Amino acid sequence: MINRFRILLSAVLAAAFLVPLSLPANAATTYVPITGTGSTWSQNALDQWRKNVASNYGMTVNYSGTGSSAGRRDFIQGTVDFGVSEIPFQLHPTDGSTPEIVPRGYAYMPIVAGGTSFMYNLKISGKRVSSLRLSGDTISKIFTGVITNWNDPAIAKDNPKLALPDKTIVPVVRSDGSGTTAQFTLWMSKQYSSLWSKFCKKTGGSANCGLTSQFPTASGFKYQSGSNGVAGYVSQDYGEGAITYVEYSYALKAGFPVAKVLNKSGYYIEPTANSVAVALLKAKINQDKTSDAYLTQILDGVYNNADPRTYPISSYSYMIVPTEVGGVFTTKKGATLGAFAHYMLCEGQQQAAALGYSPLPMNLVLAGFDQIKRIPGANSAANTDTSTCNNPTFKAGDSPTNNQLAASAPQPAACDKQGSDQCLDGTGGASSSGSTGSTGSTGTTDGTTGSSGTTGSSTGGSSGGYLPTNVESYPYKLPDEGFGYQQFTLLLSGVLLILVVIVPPLFINWLRRKRS
């Protein structure tokens, strides 16, 4: 009798352990590592999101900020699973570069918005300037070599409250192929075409070079690789007198100020999350799903947005995702890529403002959901329920044309209006709440901060470290599949395991009592 029971017990144990093994392949989520390269403009956001999904879901997303041009090249060569770029593939380049021909299917998915800012290092009588204002014309003349000294009358006109020094301007530009360069030169070619064309021709390029990822070589300019490279040069002591174009996030991280830029309404505006959101209300998006340029941005309306809250050099970055298997990309990697993409569009956007970016609005999130569905192996991740998305730009019941961040954007201060007055509060990483002078003040009446400034707890200072090491993240919720096969088999396994543990001792004791 006992031998027969032992045989039965063995069968029950086998069933208890084999049932979980009979689950379908997709019953348990396992994320295969994925790899991407590209933009440094959006890298600070990507690095934070990668850290979040690694700690929360065991998801490995490898990323190297090698520049947008390199990211597009790596995607073409099939050596990465995704690329990130501020501009689409240059199928018909206007700068004389080789056309980028992509051998496999792809799609553009917006990931984060932001402002291309002008970070600078300037002192007046030993005190760092933190309230510089610049018009678009002045900026273009600085980066085309027309204006070469900080005491130029055009800069003085922008800054009536600052006694600007007699010091040479050092424009710091990217040495690598850069999406940031492409966005900046596109803006100059659209808004100040005469200046830009003349500069291009003078430096050996075409008179109609338009957008270019490679900044022309010019005397008196400093060339650095990557966003960290240009921001790093400006933030050093030897960078005094320098100015660069870089995503706002890097100025915050370095603890340095950015110039307020004059918009079409005559206000000098800082590239905050709100001002970027307002600006992008006038962006036009390619909505032709049959086009190679689907979801790419047309920014003429942004540059000329008449809303006084607008930061005029605003844009967003794309993730280039595969729509067919090829190169190193597989359908198993597609499952990881789809889940990561959904996280970025939803929960990840909650951190955008704290990281120096602006979260994507609903219309781009919905379009991003459509792109996720095109990734092989990622369909199960494409949950299109916006009510559970947790994106800060919209709430339940909102129209895709609304943007909560833009709606709540404050009007600019009267002293930010072009004219004889000037606001003297600090900007970027040198804002008055985070930048202190050597005497412990939060700034002086001449719009400068102390030469030995320290970092404030909330916004950073000259020693850097603005970006938090851990920005609060919210869990990514996979679609609820209800009580199905997986749940039933797990429940059955649990019941069998309990029977295996409890029943045998009771049964054996009962047999012994019966025999005795």
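Presented here is an overview of the structure given in this document. Predicted model, so just to flag it, every value in this text is computed and none were measured. (Residues numbered from 1 in each chain as written. Predicted model: local features only at pLDDT ≥ 70, side-chain atom pairs only at ≥ 80, totals over all residues. Heavy atoms only, no water.)

**Topic: the overall build of the protein**
Thought 1: A tally of helices and strands in the protein yields 15 helices and 18 strands.
Thought 2: A buried classification covers 53% of the 516 residues belonging to the protein.
Thought 3: Put simply, 76% of the contacts in the protein that link residues at least 6 apart link residues at least 24 apart.
Thought 4: A total of about 21600 Å² of accessible surface is found on the protein, and carbon and sulfur atoms cover 54% of it. (Helix = DSSP H or I, 4+ residues; strand = E, 2+ residues; numbered from the N terminus. Buried < 20%, exposed > 50% of the residue type's maximum accessible area, 1.4 Å probe, protein only. Contact = heavy atoms within 4.5 Å. Areas by Shrake-Rupley, 256 points an atom, 1.4 Å probe, with all protein chains shown as cover.)

**Observations concerning the side chain of Ser189**
Thought 1: Turning to its location among the elements, Ser189 is positioned in helix H6 (residues 179-191).
Thought 2: Engagement of the side chain of Ser189 in a polar contact is seen with the backbone oxygen of Leu186, the distance being 2.8 Å.
Thought 3: Setting aside residues no more than four positions away along its own chain, Ser189 makes contact with Trp196, Gly210 and Leu211. (Polar contact = N/O pair within 3.5 Å; in protein donor to acceptor, adjacent residues only side chain to side chain.)

**A few points about the sheet that holds strand E7 (residues 133-134)**
Thought 1: Taken in spatial order, the three strands make up an open sheet running E7-E11-E12, and their pairing is mixed. The sheet is open, and its two edges are formed by E7 and strand E12 (268-269), each paired on a single side.
Thought 2: Direction of pairing for E7 relative to strand E11 (residues 260-262): parallel, over a ladder of two bridges. Paired with Leu134 across the bridge in E11 is Val261. (Pairing = 2+ DSSP bridges.)

**Focus on the state of the cysteines**
Thought 1: Evaluation of the coordinates by the stated rule reveals three disulfides.
Thought 2: Linked covalently through their sulfurs, Cys200 and Cys209 form a disulfide whose S-S length is 1.9 Å. Judged on exposure class, the residue Cys200 and its partner Cys209 are both buried.
Thought 3: Between Cys415 and Cys423 runs a disulfide, and the two sulfur atoms are separated by 1.7 Å. Residues Cys415 and Cys423 are joined by a disulfide whose S-S torsion is about 90 degrees; by sign, that bridge is right-handed.
Thought 4: Under the relative-accessibility criterion, Cys423 is labelled buried at 6%.
Thought 5: In the protein, the bonded cysteines, numbered by position in the sequence, are linked as 1-2, 3-4, 5-6. (Disulfide = S-S within 2.5 Å.)

**Looking at helix H2 (residues 43-57)**
Thought 1: Taking 1.5 Å of rise per residue, the 15 residues of H2 would be expected to cover 21 Å, and the 20 Å separating its terminal C-alpha atoms lies within 8% of that figure.
Thought 2: Of the positions making up H2, those classed as buried are Gln43, Asn44, Ala45, Leu46, Gln48, Trp49, Arg50, Asn52 and Val53.
Thought 3: Of the surrounding secondary structure, the elements contacted by the buried residues of H2 are strand E2 (61-64), strand E3 (82-85), strand E4 (106-120), helix H9 (248-254) and helix H12 (331-345). (Expected span 1.5 Å × (residues − 1).)

**Section: the sheet that holds E3**
Thought 1: Within the open sheet, the eight strands sit side by side as E2-E1-E3-E15-E4-E10-E8-E9. Their pairing is mixed. In the strand order of this sheet, the two ends are held by E2 and strand E9 (222-224), each with one partner. Mean inter-strand twist for the sheet, computed between neighbouring axes without regard to direction, equals 25 degrees.
Thought 2: With five bridges joining them, E4 and strand E10 (residues 242-247) adopt antiparallel strand pairing. Paired with Met119 across the bridge in E10 is Thr244.
Thought 3: Docked against the sheet, H2 engages E2, E3 and E4, running at close to 160 degrees with respect to E2. (Axes fitted to C-alpha atoms, helices over the stretch in contact; angles between N-to-C directions.)

**Topic: the pattern of salt bridges**
Thought 1: Applying the stated criterion across every chain yields a total of 12 salt bridges.
Thought 2: The structure contains a network of salt bridges with shared partners spanning Lys260, Asp416 and Asp425. (Salt bridge = Lys/Arg side-chain N within 4 Å of Asp/Glu carboxyl O.)

**Some words on the packing of aromatic side chains**
Thought 1: On inspection of all chains with the given rule, the structure shows 23 aromatic pairs.
Thought 2: Considering the side-chain rings of Tyr63 and Phe82, the 6.2 Å spacing of their centres and the 5 degrees angle between planes classify their relative orientation as stacked. Of this pair, Tyr63 sits in strand E2 while Phe82 sits in strand E3, and the two are 19 residues apart along the sequence.
Thought 3: A relative accessible area of 0% places Phe82 in the buried class.
Thought 4: Between the aromatic rings of Phe199 and Phe215, the centroid separation amounts to 5.9 Å while the plane-to-plane angle is 50 degrees, which identifies the pairing as tilted. (Phe/Tyr/Trp six-rings, centres within 6.5 Å; stacked < 30°, edge-to-face > 60°.)

**Some remarks on H12**
Thought 1: Taking 1.5 Å as the rise per residue, H12 with 15 residues should run 21 Å; its terminal C-alpha atoms sit 21 Å apart, in good agreement.
Thought 2: All of the buried residues along H12 are Lys333, Gly334, Thr336, Leu337, Gly338, Ala339, Phe340, Ala341, His342, Tyr343, Met344 and Leu345.

**Side note on the environment of Ser275**
Thought 1: By the secondary structure assignment, Ser275 is in helix H10 (residues 273-279).
Thought 2: Between the alpha carbons of Ser275 and Gln411 there is a distance of 9.6 Å; along the sequence they are 136 residues apart.
Thought 3: In this structure, Ser275 is in contact with Ile269, Glu270, Arg309, Thr310 and Tyr311, ignoring residues within four places of it in sequence.
Thought 4: A distance of 2.7 Å separates the side chain of Ser275 from the backbone oxygen of Glu270, its partner in a polar contact.
Thought 5: A distance of 2.9 Å separates a polar atom in the side chain of Ser275 from the backbone nitrogen of Thr272.

**Let's talk about unusual backbone geometry**
Thought 1: With a phi close to 55 degrees, Ser125 is a non-glycine residue in the positive phi region.
Thought 2: Position of Ser125 relative to the elements: it lies in the loop between strand E5 (123-124) and strand E6 (127-129).
Thought 3: Take Ser125: its relative accessible area is 74%, and that puts it in the exposed class.
Thought 4: Backbone geometry at Asn390 places phi at a positive 60 degrees, although glycine is not the residue there.
Thought 5: Mapped onto the elements of the fold, Asn390 is located in the loop between helix H13 (362-373) and helix H14 (404-407).
Thought 6: A residue is classified by how much of its surface remains accessible, and Asn390, at 31% relative accessible area, is partly exposed.

**Section: the environment of Ser69**
Thought 1: Looking at where Ser69 falls in the secondary structure, it is placed in helix H3 (residues 68-77).
Thought 2: Taking the C-alpha atoms as reference points, Ser69 and Glu86, separated by 17 residues in sequence, lie 9.4 Å from one another.
Thought 3: Dropping the residues within four chain positions of it, Ser69 is found in contact with Gly177, Ser178 and Ser213.

**Describing the pairing of E3**
Thought 1: Side-chain alternation along E3 places Phe82 and Val84 on one buried face and Gly83 and Ser85 on a second face that is also buried.
Thought 2: Taken together, the three bridges between strand E1 (residues 34-38) and E3 define a ladder with parallel strand orientation. In the sheet register, Thr37 faces E3, and the bridge partner there is Gly83.
Thought 3: Examined bridge by bridge, E3 and strand E15 (residues 314-322) share three bridges and lie antiparallel to one another. Residue pairing across strands places Val84 opposite Met319, the latter belonging to E15.

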